[in-house]
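Spelled out, the chains give:
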Amino acid sequence: MKKSLIALATLGAFAGAASAQSSVTLYGLVDLSVQHVKSGEDSPFAGAKTTRLSDGTAYGPGSRWGLRVSEDLGSGLKANVVLESGFGADDGRSQQSSRLFGRQAFVSLASTTLGEVRLGRQYTLHDETLSVGNPFGNTTVLNPGTYFNIGGASLANPTGAASVPLFIDNVRVDNAVQYISPSFAGFRVQGMVAAGEGTADRYQGLKGVYANGPLNVALSYEFGKRFTDDENVNKLLTLSANYDFGVVKVFAGAQRLKDPSFSAGNTLGLGSIGGATDIDKLTSYTVGASVPFGAVTVGANYSRAKYDIIGGGDETIGKFGVVGQYSLSKLTTVYAGYAQATGDAKNDVNEKRVFQVGLRKAF
Amino acid sequence: MKKSLIALATLGAFAGAASAQSSVTLYGLVDLSVQHVKSGEDSPFAGAKTTRLSDGTAYGPGSRWGLRVSEDLGSGLKANVVLESGFGADDGRSQQSSRLFGRQAFVSLASTTLGEVRLGRQYTLHDETLSVGNPFGNTTVLNPGTYFNIGGASLANPTGAASVPLFIDNVRVDNAVQYISPSFAGFRVQGMVAAGEGTADRYQGLKGVYANGPLNVALSYEFGKRFTDDENVNKLLTLSANYDFGVVKVFAGAQRLKDPSFSAGNTLGLGSIGGATDIDKLTSYTVGASVPFGAVTVGANYSRAKYDIIGGGDETIGKFGVVGQYSLSKLTTVYAGYAQATGDAKNDVNEKRVFQVGLRKAF
Amino acid sequence: MKKSLIALATLGAFAGAASAQSSVTLYGLVDLSVQHVKSGEDSPFAGAKTTRLSDGTAYGPGSRWGLRVSEDLGSGLKANVVLESGFGADDGRSQQSSRLFGRQAFVSLASTTLGEVRLGRQYTLHDETLSVGNPFGNTTVLNPGTYFNIGGASLANPTGAASVPLFIDNVRVDNAVQYISPSFAGFRVQGMVAAGEGTADRYQGLKGVYANGPLNVALSYEFGKRFTDDENVNKLLTLSANYDFGVVKVFAGAQRLKDPSFSAGNTLGLGSIGGATDIDKLTSYTVGASVPFGAVTVGANYSRAKYDIIGGGDETIGKFGVVGQYSLSKLTTVYAGYAQATGDAKNDVNEKRVFQVGLRKAF
């Protein structure tokens, strides 16, 4: 969704000297959808329905504007900056807990032979991995990384709700240093560490990507070093793939969380799973497909999570969804989708059934 | 004030394909005025005076920067985005309750034959209507939509004050879907609905505009569907007009509020009127004129509101003002103005007399 | 650091007329450094160490993006706007207490013969003066205007800590009106007043600058008119100079604070000095030098403050630091530095020893 645009070529204007040049790209995307939500019969909203105009956290790619800066330093070396600001076009507010550049903010040095080092606020490795495994990436009601909720201020406003994840997706992390290798025959590795700075667990992760022709595979492993006791917790393994047969593109993904820690400052940003913290393990999978018909693309997927409860037993939540997108141009899309909860907890969640129809414009 | 500027022509930069194009316009305005305020003798500040450097809420057009995006989709169809960020240049803070794009944030599809549909945070219909009825639009001490206040943190900072409106002007609304018809012989209609999402009243409104040659007329009717009991409340009828005779431009406006609701989430954003909620009806009018002398324009107006009190009786508040503007260019203006409260409540309000001298630069 | 860049030439697009033109420059800088901090043995963190990724308040120039607007009005007159937004690239949050344009926000009229008048949020005169007196301006661990701290949420997060200034540096002020004279033979004067608006002391200051060939000198005097009792307090005298011998550039500065006031709304933004308010006088000095070796510049300085305690006695804090910078281009720099506290309070502060290695990219 973060399509690069133009670009004022910029000239360093120093006193009497102007040899350095950076390109600056101003880009963005605005996406809003009208959503109709029906809550589960056993949820706090007892089957109530609501209509909302929604952006961002609920099934959207998240509206944003940003600056992408690049400077060629010669010898295959570049200096880059990405500043990406997330906001809700429904109310004009900054997203990501009121951050200005809450989506991404980093500076990097990138060498064609040695790879790239990035400093700043960045996507987590599992979030990048997840986008490979579902149609339309991490957007629309198909996104298995958008959590179900139980309770909250209102059916349209899940603030304060207990979140019920299908796939764990703590999208970004602060204070991160990342290394990205060059690509060899479609294969590259990434490693990232984020300082806990004495108030959060230290994030540590590795990722491998293979992208060659019709096949895309991504695998990540991450964990947190808990700042209170130096224990390794929240061990998260995520695998995703897609294959483009031309007439159909198929998607699959799986995730496993072990040794979950719900204490403050954990690397997953989770206070509980559906209100419970007696979870031993989370195992999720998703399968999906998309089919292009000219300017129209239809996609569908099914995702399911199982929470193993400490002391025995388990609980499941799932989602089936279908979405159609119509491209008015490379940059403008209208779409409609429907998703329905499945599994043990399907009647407990706010979002038992969701219908959305939306408009998306990139620039 | 939101003059369109330039514009980087942007190119969609997708993998191998680059046919789509959007134009992106970066624009803005900064306006600051030194204001000297004398409080009413019976106000909590008992006739005290203060000097402040002021932006935004107090008689300014409100400093802003924004992005205007447009893409021609062919066949008379366009996709548009407007993102407009309001801030106070006196302290650098975001306005509109700390929103990033608090002034406007919407995406739209616009057809030359079928009209336009806009999704997002937008101006209310009565705010647009009001700007037709007073010299210099909704800016300077002449703006009848800037509320008087009683109390607050300090004379210069009315936070927490009881507001005393002359004309009701709740400038913007979240979660709105608007339809704007094409213009036929200078006439167009607009309809807007904003979802209350279970925590606010649903906003509903209609507006008609006639703009042809020297005559401009706007008429809007809006009301809220109260979310707690589905009652129709805050029925607001607003009419404004101006006529340009060349040597003088005359302005007039009137507004009537019936069935006011001051409960949380109301569509007018009002907690009371001057501390009271036993109001039955509000009736306001304004008359004004402006006269150009080359680069100088002088404008004056008189506005008056009457609050009918439940059980009988009424209270009035009014304002007389005069402003002179000198245009250094199409984009840069210096101005000075004076306004004085009139009516029953004139000695109760913070802003009994206001003098302002300011500088405004658009880009 | 605020290097001017490009610039879309903008055209005022009014109904039928488009003669006015403004140039708009989009610029910015992102700087992040990995810092290793060792606390003093007698500080609340008792000699503990931490590693953090840091931006802004701690030894950085502060990441920013901004807009610089200029319009030529003819006859040597220009209208200008500067909007500069500070953020932390480590977490994407707005800096300067969550302001959008917290670094600078002003509109000005500037005449080549009469000087410039600026309205808005601006740098204080002593902050500008300080940057003349230390290598690399007010950046890196050498900056004597970055306060030591005692306590706070964590060693990496001094929020809520008692600040221990070396040089007083309250960087910016709201609601300011500034006059800047034209430059005569390298000499200019500046005068600034900032309205307290009934909730803060009124800021008043004067500054003289001499910049000619290898010599730069700046001298400022400021004080606050306390809003509660109209007393003149916080009298701050600051003097800085540098001289460029070519092979070496030498720096020196001194500052004296008399009649300190720590009450709310004071012009220095100080609640105490290291937790104490029984301070009579603060006297500081700094000396430093930088030496260029091609693309590398090495700088070092020593700074020291003495707080005179009411009733007799004094306390000292100092800092010695050394920094090396390597310029990959005019716009991109990598650097490393080390600083160590000295003086009576050296074991009491959070930042007894700091090592930093960072990357900075301007655009």
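What you are looking at is a predicted structure, and each value in this text was computed from that prediction instead of being measured.

**Things to note about the overall build of chain A**
Link 1 in the chain: Counting secondary structure elements, chain A contains 2 helices and 20 strands.
Link 2 in the chain: Here the C-alpha atoms of chain A give a radius of gyration of 21 Å, agreeing with the 21 Å that 2.2 N^0.38 yields for 363 residues.
Link 3 in the chain: Across the 363 residues of chain A, 57% fall into the buried class.
Link 4 in the chain: Long-range pairs, those at least 24 residues apart, make up 55% of the contacts in chain A between residues at least 6 apart in sequence.
Link 5 in the chain: If the 33 positive side-chain charges of chain A are averaged to one point and the 30 negative ones to another, these points end up 6 Å apart.

**Things to note about the packing of aromatic side chains**
Link 1 in the chain: Scanning all chains against the criterion turns up 18 aromatic pairs over all chains.
Link 2 in the chain: With 4.8 Å between their ring centres and 75° between their planes, phenylalanine 101 of chain A and phenylalanine 87 of chain C make a pair best called edge-to-face. Here the residue phenylalanine 101 of chain A occupies a position in the loop between helix H1 (95–98) and strand E6 (104–111), and phenylalanine 87 of chain C occupies one in strand E5 (residues 77–87), the pair thus bridging two chains.
Link 3 in the chain: Given a relative accessible area of 0%, phenylalanine 101 of chain A falls into the buried group.

**Quick word on the pairing of strand E19 (residues 332–342) of chain B**
Residue and element names in this part refer to chain B.
Link 1 in the chain: Sheet analysis places strand E18 (residues 314–327) next to E19, joined by 10 bridges and oriented antiparallel. The residue bridging phenylalanine 320 from the neighbouring strand is glutamine 340, located in E19.
Link 2 in the chain: Between E18 and E19, which follow one another and run antiparallel, lie 4 residues.
Link 3 in the chain: Of the strand pairs in this sheet, E19 and strand E20 (residues 353–362) are connected by 9 bridges, and their pairing is antiparallel. If you follow tyrosine 335 over to E20, its bridge partner there is glycine 358.

**Points about the interface of chain A and chain B**
Link 1 in the chain: Each side of the interface is counted separately: chain A has 35 residues, and chain B has 42 residues.
Link 2 in the chain: In this assembly, chain A packs against chain B so that about 3,200 Å² is buried in total across both faces, 74% of it on carbon and sulfur atoms.
Link 3 in the chain: The tally of links from chain A across to chain B stands at 12 residue pairs in polar contact (both at pLDDT 80 or more).
Link 4 in the chain: Across the side of chain A that touches chain B, the residue classes tally to 19 nonpolar, 9 polar and 7 charged.

**Overview of the pattern of salt bridges**
Link 1 in the chain: Tallied over the entire structure, the rule returns 36 salt bridges over all chains.
Link 2 in the chain: Lysine 361 of chain C is the salt-bridge partner of glutamate 71 of chain A, the closest N and O atoms lying 2.9 Å from each other. Here the residue glutamate 71 of chain A occupies a position in strand E4 (residues 63–74), and lysine 361 of chain C occupies one in strand E20 (residues 353–362), the pair thus bridging two chains.
Link 3 in the chain: Lysine 235 of chain C is the partner of aspartate 259 of chain C in a salt bridge, and the nearest nitrogen-oxygen pair spans 2.8 Å. Taken together, the residues aspartate 259 of chain C in the loop between strand E15 (249–258) and strand E16 (279–293) and lysine 235 of chain C in strand E14 (residues 232–244) connect sequence positions 24 residues apart.
Link 4 in the chain: Note on aspartate 259 of chain C: relative accessible area 38%, which makes it partly exposed.
Link 5 in the chain: Lysine 235 of chain C sits in the partly exposed class, given a relative accessible area of 25%.

**A word on unusual backbone geometry**
Link 1 in the chain: Phi at serine 97 of chain A takes a positive value of approximately 55°, unusual for a residue other than glycine.
Link 2 in the chain: Of note, serine 97 of chain A is situated in helix H1.
Link 3 in the chain: What makes serine 97 of chain A exposed here is its relative accessible area of 52%.
Link 4 in the chain: One non-glycine residue, serine 98 of chain C, adopts positive backbone phi at about 65°.
Link 5 in the chain: Along the polypeptide, serine 98 of chain C turns up in helix H1 (residues 95–98).

**Some points on the layout of surface pockets**
To locate leftover empty space, one rolls a probe as large as a water molecule over the atoms.
Link 1 in the chain: In this structure, the second largest pocket occupies an estimated 460 Å³ of space.
Link 2 in the chain: Taken together, 26 residues make up the lining of the second largest pocket; nearest its centre are Gly196, Glu197 and Gly198 of chain A together with Thr50 and Thr51 of chain C.
Link 3 in the chain: Mapped by element, the contributors of at least two residues to the lining of the second largest pocket are strand E10 (172–180) and strand E11 (187–194) of chain A together with strand E3 (49–54) of chain C.
Link 4 in the chain: Among the elements that line the lining of the second largest pocket, the one with the most residues is E3 of chain C, at 5 residues.
Link 5 in the chain: A breakdown of the residues in the lining of the second largest pocket according to their chemical character gives 12 nonpolar, 6 polar and 8 charged.

**A look at the relation of the copies chain A and chain B**
The second copy of the chain is related to the first by a rotation about an axis and a shift along the axis.
Link 1 in the chain: The transformation that overlays chain A on chain B combines an axial shift of 0.0 Å with a rotation of 120°, and the residual RMSD is 0.0 Å. The relationship between the two copies is best expressed as a three-fold rotation axis.
Link 2 in the chain: Mapped onto chain B, only 9% of the interface residues of chain A again fall at the interface, so the copies present different surfaces.

**Notes on the relation of the copies chain C and chain A**
Link 1 in the chain: Mapping chain C onto chain A calls for a screw motion: a turn of 120° about the axis and a shift of 0.0 Å along it, with 0.0 Å RMSD after fitting.
Link 2 in the chain: In this assembly, only 9% of the residues forming the interface of chain C have copies in chain A that are likewise at the interface, indicating a heterologous arrangement.

**Topic: the environment of leucine 331 of chain B**
Link 1 in the chain: By the element assignment, leucine 331 of chain B lies in the loop between E18 and E19.
Link 2 in the chain: Distance from leucine 331 of chain B to lysine 361 of chain B, taken between C-alpha atoms, is 5.7 Å for residues 30 residues apart in sequence.

**Details of the environment of glycine 208 of chain B**
Residues and elements named next belong to chain B.
Link 1 in the chain: Structurally, the position occupied by glycine 208 is in strand E12 (residues 202–212).
Link 2 in the chain: Taking the C-alpha atoms as reference points, glycine 208 and isoleucine 180, 28 residues apart in sequence, are found 9.8 Å from one another.
Link 3 in the chain: In this structure, glycine 208 is in contact with Arg188, Val189, Val217, Ala218 and Leu219, ignoring residues within four places of it in sequence.

**Some words on the side chain of serine 94 of chain B**
Residue and element names in this part refer to chain B.
Link 1 in the chain: Within the secondary structure layout, serine 94 lies in the loop between strand E5 (77–87) and helix H1 (95–98).
Link 2 in the chain: Residue class for serine 94 comes out buried when judged on its relative accessible area of 18%.
Link 3 in the chain: One polar contact links the side chain of serine 94 to the main-chain carbonyl oxygen of arginine 99, over a distance of 3.5 Å.

Basis of the calculations
- Residues numbered from 1 in each chain as written.
- Chains lettered and ligands numbered in written order.
- Predicted model: local features only at pLDDT ≥ 70, side-chain atom pairs only at ≥ 80, totals over all residues.
- Heavy atoms only, no water.
- Helix = DSSP H or I, 4+ residues; strand = E, 2+ residues; numbered from the N terminus.
- Rg over C-alpha atoms; globule rule 2.2 N^0.38 Å.
- Buried < 20%, exposed > 50% of the residue type's maximum accessible area, 1.4 Å probe, protein only.
- Contact = heavy atoms within 4.5 Å.
- Lys, Arg positive; Asp, Glu negative; His and termini not counted.
- Charge placed at Lys NZ, Arg CZ, Asp CG, Glu CD.
- Phe/Tyr/Trp six-rings, centres within 6.5 Å; stacked < 30°, edge-to-face > 60°.
- Pairing = 2+ DSSP bridges.
- Buried area = accessible area lost by both parts, 1.4 Å probe.
- Polar contact = N/O pair within 3.5 Å; in protein donor to acceptor, adjacent residues only side chain to side chain.
- Nonpolar A, V, L, I, M, F, W, Y, C, P; charged D, E, K, R; others polar.
- Salt bridge = Lys/Arg side-chain N within 4 Å of Asp/Glu carboxyl O.
- 1 Å grid on protein atoms, 1.4 Å probe; cavity = no way out; pocket = protein on both sides within 12 Å on 5 of 7 lines; lining within 4 Å.
- Points joined across faces, edges and corners; volume = space filled by probe spheres on them.
- Least-squares fit on C-alpha atoms with pLDDT ≥ 70 in both.

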